[in-house]
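Summary of structural features
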Amino acid sequence: MTTPDHQPSAPDAPDSPNPPEPQFKDRVYRSPSGIAGGVLLLAIAAWLGIDALVTGEGRTPWVALAALLLLVPLVAAFTLRPAVYANEQRLRIRNPFRVITLPWAAVEAFKSGYSNEVLDTAGTKYQVWAVPVSLRARNRAARKEARGDTTGGRGRLGQPRQAPHPTPVATGPVRAQGDQIIDELRELVEAHGKAPQAKGEVSVRWAYEVVAPAAAGAVLLAILLATG
């Protein structure tokens, strides 16, 4: 789910007018299950769409083309596109239709219920699509914590399994992976929220590269179906 990279970069000169560059590369958080599902859906759509374009007759190729133009950007937007990028200066959230950039000083809190959200100092909430909440993972983590054993449970007749070699035992609470990521982001807020380079304005940009082709496909498909 996460691929942190901490390669340092050379700091700017003290008198440089440009803001200092991050001291380590972005930590990237994505959903492997979402990516896998998106690749599968895109493969099915490509297979069916190309087949209709090649073998279809009459208006079928045009309908298939319009459907592909509509569906491919939407599927990619909700599965492959979501990601979270974090460094010591700011948090960048890439959602299906928007990109939100929040300097750490502008982050008020993270909320985790049925979805993960970040709240800025102005009171605006932004959903974090790339870090979905898994109630199943939370329940599994709660069961492990209740057992007090994260190494595989118990053996026969309720006796603990005897490992041939000593294994490290987790000392903290057992957390679902999505909750662990939110905990990491909270730690970054605490570490960098008051730093001078973490100040700035919240930026929200619409993903026109997704909206434009999907809207064009929807219009074309509606015209074809209405005139058919």
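Criteria and thresholds
Within each chain, residues carry numbers counting from 1 in the order of the written sequence. Local features in this predicted model are restricted to residues whose pLDDT is 70 or higher, and side-chain atom pairs enter the listing and the counts only when it is 80 or higher, whereas totals over whole chains, interfaces and linings include all residues. Processing note: side-chain calculations cover all non-hydrogen atoms of the structure and skip hydrogens and water entirely. UniProt positions are given in the numbering used here, feature names are shortened, and annotations may be inferred rather than shown by experiment. Helical segments are the DSSP runs of H or I of at least four residues, strand segments are the runs of E of at least two, and each set is numbered from the N terminus. Only Phe, Tyr and Trp rings are paired, with Trp represented by its six-membered ring, and only when their centres lie within 6.5 Å; those with planes under 30 degrees apart are stacked, over 60 edge-to-face, the remainder tilted. Lysine NZ or arginine CZ positioned within 6 Å of the ring centre and within 35 degrees of the ring normal marks a charge as sitting over the ring. A fitted line through C-alpha atoms represents every axis, and for helices the fit uses only the stretch in contact; the resulting angles, taken between N-to-C directions, go from 0 to 180 degrees. An angle below 35 degrees is read as roughly parallel, one above 145 as roughly antiparallel, one from 65 to 115 as roughly perpendicular, and any other as oblique. For this analysis, residues touch if any pair of their heavy atoms sits within 4.5 Å. Under the grouping applied here, Gly and all other residues not named as nonpolar or charged are polar, the nonpolar ones being Ala, Val, Leu, Ile, Met, Phe, Trp, Tyr, Cys and Pro and the charged ones Asp, Glu, Lys and Arg. Each residue gets one of three labels from its accessible area relative to the maximum for its type: buried under 20%, exposed over 50%, partly exposed in between, using a 1.4 Å probe on protein chains only.

With that out of the way, let us pick up the UniProt feature "transmembrane region" (unreviewed entry) in the protein chain. When the UniProt feature table is mapped onto this chain numbering, "transmembrane region" (unreviewed entry) sits at residues 33-50, 62-84 and 206-226. Span residues 62-84 is 78% helix and 9% strand, its end C-alpha atoms 37 Å apart.

Next up on the list: the packing of aromatic side chains. Following the criterion strictly, the structure yields two aromatic pairs and no others. Pairing phenylalanine 78 with phenylalanine 97 gives two aromatic rings, centres 5.4 Å apart and planes at 85°, and the pair type is edge-to-face. With a gap of 19 residues between them, phenylalanine 78 in helix H2 (residues 60-79) and phenylalanine 97 in the loop between strand E4 (90-94) and strand E5 (98-103) connect regions that are remote in the sequence. Note on phenylalanine 78 and tryptophan 129: the rings are 5.3 Å apart at their centroids and 70° apart in plane angle, and the pair reads as edge-to-face. Of the two residues, phenylalanine 78 is situated in helix H2 and tryptophan 129 in the loop between strand E8 (125-127) and helix H3 (135-147); the sequence distance between them amounts to 51 residues. Taken together, the ring pairs in this structure connect Phe78, Phe97 and Trp129 into an aromatic cluster. One residue, arginine 92, lies across the ring of tyrosine 85, its end atom 4.3 Å from the ring centre. Over the ring of tryptophan 206 we find arginine 98, and its NZ or CZ is 5.7 Å from the ring centre.

We now examine the environment of tryptophan 62. Along the polypeptide, tryptophan 62 turns up in helix H2. Taking the C-alpha atoms as reference, tryptophan 62 lies 7.9 Å from leucine 224; in sequence the two are 162 residues apart.

Between two packed helices, what matters for the description is the angle formed by their axes and the separation of those axes. Relative orientation of the contacting elements helix H1 (residues 32-55) and H2 amounts to 175°, with a least axis distance of 9 Å. Looking at the two axes, H1 sits roughly antiparallel to H2. The residues of H2 that touch H1, namely those facing Gly34, Ile35, Gly38, Leu41, Leu42, Ala45, Gly49, Ala52 and Leu53, are Thr60, Pro61, Ala64, Leu65, Leu68, Val72, Val75 and Thr79. Of the residues belonging to the contact of H1 with H2, the class tally is 12 nonpolar, five polar and no charged.

With that settled, the discussion passes to the side chain of threonine 79. With respect to the secondary-structure elements, threonine 79 resides in helix H2. Judged by its relative accessible area of 16%, threonine 79 is buried. With sequence-adjacent residues up to four places away left out, threonine 79 is seen in contact with Gly34, Ile35 and Gly38.

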